[in-house]
Amino acid sequence: MRVLIIEDEVRLAETLRQLMKELLYQADVVHNGQDGLDYGLAGQYDLILLDVMLPGLDGFQVARQLRAARISTPILMLTARDEVADKINGLDCGADDYMTKPFDTGELLARVRALTRRQGEILSDVLTMGDLSLDCNSHALSCGERSLRLGFKEYEVMRLLLVNQGSVIAKETLITKVWGMESEAEDNNVEVYISFLRKKLSYLNSKVVISTIRKAGYFLENSQPQEEPSC
Ligand code: CA
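These notes cover the structure that comes with them.

## Focus: the overall build of the protein chain
Okay, step 1: Helices and strands together make up the secondary structure of the protein chain, namely 8 helices and 11 strands.
Okay, step 2: Along the first, second and third principal axes, the C-alpha atoms of the protein chain reach 70 × 45 × 30 Å.
Okay, step 3: Split into buried and exposed, the 231 residues of the protein chain put 44% on the buried side.
Okay, step 4: Partitioning the intrachain contacts of the protein chain with sequence separation of at least 6 by distance along the chain shows that 54% fall at a separation of at least 24.
Okay, step 5: Counting only carbon and sulfur atoms, one obtains 48% of the accessible surface of the protein chain, whose full area is about 12700 Å².
Okay, step 6: Of the charged side chains in the protein chain, 26 are positive and 35 negative, and the gap between their average positions amounts to 4 Å.

Structure, rendered in structure tokens:
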């Protein structure tokens, strides 16, 4: 899990980073709204902790612009202000939850866990693309009559490719999300799993293939059958 902390009070930001570490989350910390927006737009976070009163863009503006850019990462807003109007404003801007400073550490961690869990629950139980479907409960990958069950890491790689269909997913992103930031996994681990998955797609006779863009990453595409030339 990766968390983006946007908080201008340096000591509080550091406390938050330590708390995220307890959950084994990797955190990036920035201290102003514009940096927060830029990092958030990279779109590779599982959660954003967002202060409201920030230099430059405030937290409301950051949340609104992230949502306008279709970044759906859960946002937990943190503020010293305790006005109901602020809370409504925050939620209207696209925040998922709201906490008032000073906050109780246990409560913060509970809310963070709830938000990162919820992200998984938004996903439908079955992810599909073209003739291919992946059952997120049984980890079965199916095409027509054929079906096989994926191992855990294969499943995670396939799930990320399907969730991000239409865009290229970088090797580093796969390593971070599947193996975790602290892991020793390297590029060739990813290559091995991509190769397993390609064999399985081929066994399933699926038209969906995993394409590689050198130095960029992987994406799913439908391999179209050659069109018959019309007379
Ligand atoms: Ca602040």
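Following the structure, the description resumes.
## Considering the coordination of the calcium ion
Okay, step 1: Donor atoms from the polypeptide that bind the calcium ion are Asp8 (OD), Asp51 (OD) and Met53 (O), placed at 2.1 to 2.3 Å.
Okay, step 2: For the calcium ion, all donor residues lie on one chain, and their spacing in sequence is D-x42-D-x1-M.
Okay, step 3: With relative accessibility at 49%, the residue Met53 sits in the partly exposed group.

## Things to note about the pairing of strand β8 (residues 140–143)
Okay, step 1: With burial as the criterion, each face of β8 is covered, one bearing Ala140 and Ser142 and the other bearing Leu141 and Cys143.
Okay, step 2: In terms of strand pairing, strand β7 (residues 132–135) meets β8 through 3 bridges, oriented antiparallel. Looking across to β8, one finds that Leu134 is bridged to Leu141.
Okay, step 3: Connecting the antiparallel pair β7 and β8 is a turn made up of 4 residues, with His139 showing a positive phi of about 65 degrees.
Okay, step 4: Strand direction decides the pairing type here: β8 and strand β9 (residues 146–149), joined by 4 bridges, are antiparallel. Within β9, the residue paired with Leu141 across the bridge is Leu148.
Okay, step 5: Where β8 folds back on β9, the antiparallel hairpin that results is connected by 2 residues, among which Gly144 adopts a positive phi of roughly 55 degrees.

## Focus: the sheet that holds strand β4 (residues 75–79)
Okay, step 1: Spatial ordering of the open sheet is given by β2-β1-β3-β4-β5, a layout of 5 strands whose pairing is parallel. The open sheet is flanked by β2 (26–30) and β5 (97–100), the only strands paired with a single partner. Recorded for the sheet is a direction-independent mean angle of 20 degrees between the axes of neighbouring strands.
Okay, step 2: Where β4 and β5 come together, 4 bridges link them in parallel fashion. Along β5, the bridge assignment pairs Met77 with Tyr98.
Okay, step 3: Where helix α3 (residues 59–68) meets the sheet, its contacts fall on β1 (2–6), β3 (47–51) and β4, and the angle it forms with β4 comes to roughly 170 degrees.

## Some points on the sheet that holds β9
Okay, step 1: Spatial strand order, β6-β7-β8-β9: 4 strands in an open sheet with antiparallel pairing. The open sheet is flanked by β6 (126–129) and β9, the only strands paired with a single partner. Strand-to-strand twist of the sheet, defined as the mean angle between neighbouring strand axes without regard to direction, takes the value 15 degrees.
Okay, step 2: For β6 and β7, the ladder comprises 4 bridges, and the chain directions are antiparallel. In the strand pairing of β7, Thr128 is matched with Ser133.
Okay, step 3: Here helix α6 (residues 152–163) sits on the sheet and contacts β6, β7 and β8; the angle it forms with β7, its principal contact strand, is near 125 degrees.

## Digging into unusual backbone geometry
Okay, step 1: Between Lys101 and Pro102 the backbone carries a cis peptide bond, its omega angle lying at -5 degrees.
Okay, step 2: Along the polypeptide, Pro102 turns up in the loop between β5 and α5 (105–122).
Okay, step 3: Here the phi dihedral of His139 falls at roughly 65 degrees; this positive angle occurs in a residue that is not glycine.
Okay, step 4: Turning to its location among the elements, His139 is positioned in the loop between β7 and β8.
Okay, step 5: Since its relative accessible area comes to 16%, His139 is described here as buried.
Okay, step 6: Within the chain, Lys215 stands out as a residue other than glycine whose phi angle is a positive 65 degrees.
Okay, step 7: Considering the arrangement of structural elements, one finds Lys215 in the loop between β10 (208–213) and β11 (217–222).

Conventions adopted
Residues numbered from 1 in each chain as written. Predicted model: local features only at pLDDT ≥ 70, side-chain atom pairs only at ≥ 80, totals over all residues. Heavy atoms only, no water. Helix = DSSP H or I, 4+ residues; strand = E, 2+ residues; numbered from the N terminus. Buried < 20%, exposed > 50% of the residue type's maximum accessible area, 1.4 Å probe, protein only. Contact = heavy atoms within 4.5 Å. Areas by Shrake-Rupley, 256 points an atom, 1.4 Å probe, with all protein chains shown as cover. Lys, Arg positive; Asp, Glu negative; His and termini not counted. Charge placed at Lys NZ, Arg CZ, Asp CG, Glu CD. Donors = N, O, S within 2.8 Å, 3.2 Å for Na, K, Ca; no water. Pairing = 2+ DSSP bridges. Axes fitted to C-alpha atoms, helices over the stretch in contact; angles between N-to-C directions.

In short, shape yes, function no, at least from these values alone.
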